[in-house]
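Listed below are the residues making up each chain.
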Amino acid sequence: MSQCKIPDYRTGHRGRHWTHALRSAQRAGAVIVTDDTREPVTYAHDGTGPGRFRPWLTAAGDRYDSHDVHPEW
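Residues numbered from 1 in each chain as written. Predicted model: local features only at pLDDT ≥ 70, side-chain atom pairs only at ≥ 80, totals over all residues. Heavy atoms only, no water.

Draft legend 1. Region of interest: the nonpolar core. Counting eight residues, the largest nonpolar core is built from Trp18, Ala21, Leu22, Ile32, Val41, Trp56, Tyr64 and Val69. Element by element, the count of residues in this core is highest for helix H2 (residues 18-27), at three residues. Residues in contact with Leu22, not counting those within four places in the same chain, are Ile32, Trp56, Ser66, Val69, His70 and Pro71. (Core = buried A, V, L, I, M, F, W, Y, C linked by side-chain atoms within 4.5 Å. Buried < 20%, exposed > 50% of the residue type's maximum accessible area, 1.4 Å probe, protein only. Helix = DSSP H or I, 4+ residues; strand = E, 2+ residues; numbered from the N terminus. Contact = heavy atoms within 4.5 Å.)

Below, the structure written as C-alpha cells:
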C-alpha cells in the first residue's frame, strides 16, 4: 500500500507547484503572508501584466512572487 503525499505547504518545499500548494493551504484556512514583513497577501492572478508573475497582492498594492510568501496557521 502506498503512502499519501504530504502537501508542499506542510513540508515547506517550495518546488514548481508552490503556488498551487499556497492556494490549497489558503483554502484549508491558512493566512498567506510575505517572508520579509509577514504582511497578509491575497491571490490576485490576472494572467497578464505584473499579476502574471507576481500574483500575491498586499493591501497597499505591492506584488509578490509565490516564492516570496508562505502560509501561517
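Moving on, there is more to tell.
Draft legend 2. Highlighting the packing of aromatic side chains. In the structure shown here, the tally under the stated rule is one aromatic pair. Both rings, one in Tyr43 and one in Trp56, keep their centres 5.1 Å apart while their planes meet at 65°; by these two values the pair is edge-to-face. Here Tyr43 is found in strand S2 (residues 41-43), whereas its partner Trp56 is found in strand S3 (residues 56-58), with 13 residues between them in sequence. Assessed through its relative accessible area of 0%, Trp56 is described here as buried. (Phe/Tyr/Trp six-rings, centres within 6.5 Å; stacked < 30°, edge-to-face > 60°.)

Draft legend 3. Up close: the environment of Asp36. Relative to the helices and strands, Asp36 is located in the loop between strand S1 (31-34) and S2. C-alpha of Asp36 to C-alpha of Asp68: the two residues are 32 residues apart in sequence and 8.0 Å apart in space. In this structure the side chain of Asp36 is engaged in a polar contact, spanning 3.3 Å, whose partner is the side chain of Thr34. (Polar contact = N/O pair within 3.5 Å; in protein donor to acceptor, adjacent residues only side chain to side chain.)

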